Amino acid sequence: MQLKEFVINERKYCGFEGELFPGSNLVFIRGNNGFIMCGYLNLETAERVGSVAAIATGVKTVDDMLKKNIINSTTHAQKVGIKPGMSVLKALEKI
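Asks: How do you make sense of the overall build of the protein when you look at a structure like this?
Replies: When you go through the protein residue by residue, the secondary structure sums to four helices and six strands. Listed N to C, the secondary structure of the protein is β-β-β-β-α-β-α-β-α-α in terms of helices and strands. Taking the principal axes of the C-alpha coordinates as reference, the protein spans close to 35 × 30 × 20 Å. Looking at the protein as a whole, 41% of its 95 residues qualify as buried. Counted over contacts in the protein with a minimum sequence separation of 6, partners at least 24 positions apart contribute 34%.

Structure, rendered in structure tokens:
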């Protein structure tokens, strides 16, 4: 398991990737105002607690996630412009 700090367009992010069991990883990226998570994390919980959160699936690493599109997001994420189909890179600009 590892934390990865990185910068995109002069904004700092923190990513996490870790193997839960062989072939299955937990991955998320946190920004200042929200996060993008893999399918292992629960969107309903993020919705209930009012998080700006979105899901990108089919990832094993933070680098994989950066190449994907959002498949779903909380209503709080939608209010800041994060919508299904949007690239993760575009969504990161909003969190």
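Asks: What is the right way to look at the nonpolar core in this model?
Replies: Grouped burial of nonpolar side chains is what soluble globular proteins tend to show. If you look at the biggest cluster of nonpolar residues, it comprises 23 residues, and the most contacted ones within it are Ile29, Ile36, Met65, Ile82, Val88 and Leu92. Looking at this core, the elements with two or more residues in it are strand 2 (11–21), strand 3 (24–30), helix 2 (62–65) and helix 4 (88–94). Formed by five residues, the second largest nonpolar core is a distinct cluster that contains Met37, Leu43, Ala46 and Ala53.

Asks: What is the right way to look at unusual backbone geometry in this model?
Replies: Working note: non-glycine residues mostly have negative phi, and peptide bonds are mostly trans. At asparagine 9, a residue that is not glycine, the phi angle is positive and equals roughly 50 degrees. Within the element layout of this structure, asparagine 9 appears in the loop between strand 1 (2–8) and strand 2. A positive phi angle, close to 65 degrees, is found at glutamate 10, a residue other than glycine. As for its position among the elements, glutamate 10 is in the loop between strand 1 and strand 2. Accessibility expressed as a relative area gives 79% for glutamate 10, which makes it exposed.

Conventions adopted
Residues numbered from 1 in each chain as written. Predicted model: local features only at pLDDT ≥ 70, side-chain atom pairs only at ≥ 80, totals over all residues. Heavy atoms only, no water. Helix = DSSP H or I, 4+ residues; strand = E, 2+ residues; numbered from the N terminus. Buried < 20%, exposed > 50% of the residue type's maximum accessible area, 1.4 Å probe, protein only. Contact = heavy atoms within 4.5 Å. Core = buried A, V, L, I, M, F, W, Y, C linked by side-chain atoms within 4.5 Å.

Take it as geometry only, folks, not as evidence of what the structure does.
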